[in-house]
2 protein chains.
Amino acid sequence: MSTPPHPFDNAIALTPDGKSQFKGQPSEDYANMVGPFGGIIAATLLNAALSHTERLGEPVSLTVNFAAPIATAPYTVAARAVRTNRSTQHWIIELCQDDIALVTATAVFAVRRETWSSLEVTPPEARSSAEIEPMRGKGFPVWVKNYDMRFVCGGIFDGTTAGDSKSTVWLRDEPPRPLDFLSLAALSDAFFPRVFVKRQKMAPVGTITMTIYFHVDAALLEKQGTAEILATARAQRFRDGYFDQSAQLWGCDNELLVTTHQLVYYRDE
Amino acid sequence: MSTPPHPFDNAIALTPDGKSQFKGQPSEDYANMVGPFGGIIAATLLNAALSHTERLGEPVSLTVNFAAPIATAPYTVAARAVRTNRSTQHWIIELCQDDIALVTATAVFAVRRETWSSLEVTPPEARSSAEIEPMRGKGFPVWVKNYDMRFVCGGIFDGTTAGDSKSTVWLRDEPPRPLDFLSLAALSDAFFPRVFVKRQKMAPVGTITMTIYFHVDAALLEKQGTAEILATARAQRFRDGYFDQSAQLWGCDNELLVTTHQLVYYRDE
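Cut-offs used in this document
- Residues numbered from 1 in each chain as written.
- Chains lettered and ligands numbered in written order.
- Predicted model: local features only at pLDDT ≥ 70, side-chain atom pairs only at ≥ 80, totals over all residues.
- Heavy atoms only, no water.
- Helix = DSSP H or I, 4+ residues; strand = E, 2+ residues; numbered from the N terminus.
- Rg over C-alpha atoms; globule rule 2.2 N^0.38 Å.
- Buried < 20%, exposed > 50% of the residue type's maximum accessible area, 1.4 Å probe, protein only.
- Contact = heavy atoms within 4.5 Å.
- Areas by Shrake-Rupley, 256 points an atom, 1.4 Å probe, with all protein chains shown as cover.
- Core = buried A, V, L, I, M, F, W, Y, C linked by side-chain atoms within 4.5 Å.
- Pairing = 2+ DSSP bridges.
- Least-squares fit on C-alpha atoms with pLDDT ≥ 70 in both.
- Buried area = accessible area lost by both parts, 1.4 Å probe.
- Salt bridge = Lys/Arg side-chain N within 4 Å of Asp/Glu carboxyl O.
- Nonpolar A, V, L, I, M, F, W, Y, C, P; charged D, E, K, R; others polar.

For the rest of this paragraph, the subject is the overall build of chain A. Summing up its helical and strand segments, chain A has 5 helices and 14 strands in all. Its C-alpha radius of gyration of 18 Å places chain A within 12% of the 18 Å reference for a compact globule of 269 residues. In terms of overall dimensions, chain A has a C-alpha envelope of 50 × 50 × 45 Å along the principal axes. Counting over 269 residues, chain A shows a buried share of 59%. Within chain A, residue pairs in contact and separated by at least 24 positions form 69% of the contacts whose partners lie at least 6 positions apart. When the accessible surface of chain A is summed, it comes to about 10,900 Å², and 50% of that surface belongs to carbon and sulfur atoms.

Of all hydrophobic cores here, the largest spans 72 residues; its most connected members are L62(B), I93(B) and M149(B). Setting aside its immediate chain neighbours within four residues, I93(B) contacts L45(B), A48(B), A49(B), V77(B), A78(B), A79(B), V103(B), T104(B), A105(B) and A107(B). Counting 71 residues, the second largest nonpolar core, distinct from the first, contains V64(A), L95(A), L171(A) and A233(A).

Residue and element names in this part refer to chain A. Burial analysis of strand β5 (residues 88-97) places 10 of its 10 residues in the buried class, which makes it a mostly covered element. Neither face of β5 is open: one carries T88, H90, I92, E94 and C96, the other Q89, W91, I93, L95 and Q97, and all of them are buried. Of the strand pairs in this sheet, strand β4 (residues 75-84) and β5 are connected by 8 bridges, and their pairing is antiparallel. Looking at the pairing, A81 lines up with W91 of β5. Counting the residues between successive antiparallel strands, the hairpin from β4 to β5 contains 3 residues. By the bridge criterion, 10 bridges tie β5 to strand β6 (residues 100-110) in an arrangement that is antiparallel.

Turning next to the relation of the copies chain B and chain A. When chain B is brought onto chain A, the operation consists of a screw motion whose angular component is 180 degrees and whose axial shift is 0.0 Å, with 0.0 Å RMSD remaining. Accordingly, the operation relating the two chain copies is best matched by a two-fold axis. Both copies share a contact surface, since 100% of the interface residues of chain B are interface residues in chain A too.

Residue-level contacts link 67 residues of chain B with 67 residues of chain A. Taken together, the two surfaces of chain B and chain A that pack against each other cover about 5,900 Å², and 51% of this comes from carbon and sulfur. The three residues of chain B that bury the most area against chain A are W116(B), E120(B) and R237(B), which together make up 14% of that side's buried surface. Inspection of the region where chain B meets chain A yields 10 salt bridges. Between D217(A) and R239(B) there is a salt bridge, with the nearest N and O atoms lying 3.3 Å from each other. For the side of chain B that touches chain A, the element with the highest residue contribution is strand β6 (residues 100-110) of chain B, accounting for 7 residues. Among the residues making up the side of chain B that touches chain A, the classes are represented as 26 nonpolar, 23 polar and 18 charged. As paired elements, strand β12 (residues 237-239) of chain A and strand β7 (residues 118-119) of chain B share 2 bridges and run antiparallel to each other. By the bridge assignment, F238(A) is partnered in β7(B) with S118(B).

So, about the environment of A233(A). Residues and elements named next belong to chain A. Counting through the fold element by element, A233 comes out in strand β11 (residues 229-234). Spatially, the C-alpha atoms of A233 and L220 are 23 Å apart, while their sequence positions differ by 13 residues. Here A233 is in contact with S165, K166, S167, F191, R194, Q245, S246 and A247, once residues within four sequence places are set aside.

What follows concerns the pairing of strand β13 (residues 242-250) of chain B. Residues and elements named next belong to chain B. Of all 9 residues that make up β13, 9 are buried, and the element is covered over most of its length. Here β13 shows no split at all, with Y242, D244, S246, Q248 and W250 on one side and F243, Q245, A247 and L249 on the other all buried. Here strand β11 (residues 229-234) pairs with β13 via 5 bridges, running antiparallel. Looking at β13, one finds that L230 is bridged to W250. Direction of pairing for strand β12 (residues 237-239) relative to β13: antiparallel, over a ladder of 2 bridges. Directly across from F238, in β13, lies its bridge partner F243. Hairpin connection between β12 and β13: a loop of 2 residues separates the two successive antiparallel strands, and D240 in this loop has a positive phi of roughly 45 degrees. Between β13 and the antiparallel strand that follows it, strand β14 (residues 256-266), lie 5 residues; D253 among them carries a positive phi value of about 55 degrees.

Once that is clear, we can look at the pattern of salt bridges. Pairs can form between side chains of opposite charge once their charged atoms are near each other. Throughout the structure, instances matching the rule amount to 28 salt bridges over all chains. In this structure, K145(A) and D29(A) form a salt bridge, with 3.6 Å as the shortest nitrogen-oxygen distance. One end of the pair, K145(A), is in the loop between β7 (118-119) and β8 (147-153); the other, D29(A), is in the loop between β2 (21-24) and α2 (38-51), with 116 residues separating them in the sequence. With a shortest N-O distance of 3.8 Å, D268(B) and R199(B) are connected by a salt bridge. Of this pair, D268(B) sits in the segment after β14 while R199(B) is found in helix α4 (residues 194-199), placing the two residues 69 residues apart along the sequence. The structure contains a network of salt bridges with shared partners spanning D148(A), R150(A), R172(A) and E174(A).

So yeah, pure geometry; function would need other evidence.
Next up, the structure:
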């Protein structure tokens, strides 16, 4: 008996359609309030560059811009290697429906070489995940069921905030799936909007742009296996319709896997 | 007698060359070790979208990817409005020499509306700029002379670091120039590489991608005038050839003008 593919792999699946273009479609498993979960789309755009025959090295950065909602219909993803240097490669990636771009992205891939290295930050304080109940509740968007989330602080409407926008949460794919660049891209967006946490109420929101810096290579990721990550996020400023979010994703052995940032649109009610 | 234009405005100047394309050329005033200062190029790409006849609103985010060095020769900048919604607009911008893309960017513009707002961070502690001597020294790249830099901490080879990568510095254009989105974009890159600060020695480096979130509108910027800003930056992780930098630019009255992030390539020697 073979194991059925993980819902994540189904959701980001792409079929080649010419040299630099792929076809795909939104997965019901990762539906959000409007259109698909942004993290699954970020992973899908990254998957186009990762799957391209001209791809060099591994992702070191990814910026995804959400220009318009994606309909429940097939889409194309075009990935263009704008520039390939000796050890770095720059990509422009666009997701279209009916030839209209709804999501754009730029990515940088690189072949890493060992150098002097240093970590300047420490993981957030956190009780062990075994001591925390996974988040349960009704009314969450569909995509949430694909993640095991255990809030250390800054949960959503559960009395665990300190009046600020900070959240720390144990996160992993549900069911467990070995960590790779694709799941890291999706996990980078698996935070509830900071404005919900800060104000402890819902509001109309949407990520308009997110940037992910990958601090790991495939060999280091392989060591993470299916272990949960410790994710922490906060806003710096909410002002007149836009707030920022900065987050860290920590793996086993105090490895800082990812630092990630986004700008999010919000309205008052 | 009319005032001659500021060197900054000369350096980012573009001449329309068709509906969505502009011509420009590197300015000797903003030369870096190899090619122009990245900040002036970020400002130039933003200028293309700002100058476009289809432009809606004001910049809220900008991501610039440095794919290859720019030669001392004319360039073209093409700005394409990928998507215009009711209150937001998404851009892809490319700088080319000989039809080869050397820099790519994505930007989001928006019409802001007043909402509930909140600031979650505080400015770094700093002595007043009047108490600090402007940085002087030989061997700096040409672009540095266009900025007045007064280091509160984390200066370069001056004994003001604490063993980490953090710098706090009073910054303004030299000669003074009223702050706008363009100068903010350049100021977002006006930090010395974190690896120089951390290790207190030079190394081969290059920013490969930077993202700027603008938390202000033109009306608020106008109030800043030519006042200096307080800029603070730090790295989170240096690993195998790449480090990140996160920074805040603070204006008068404790206004957080910009939060900005970049990923930088480095070698050991």
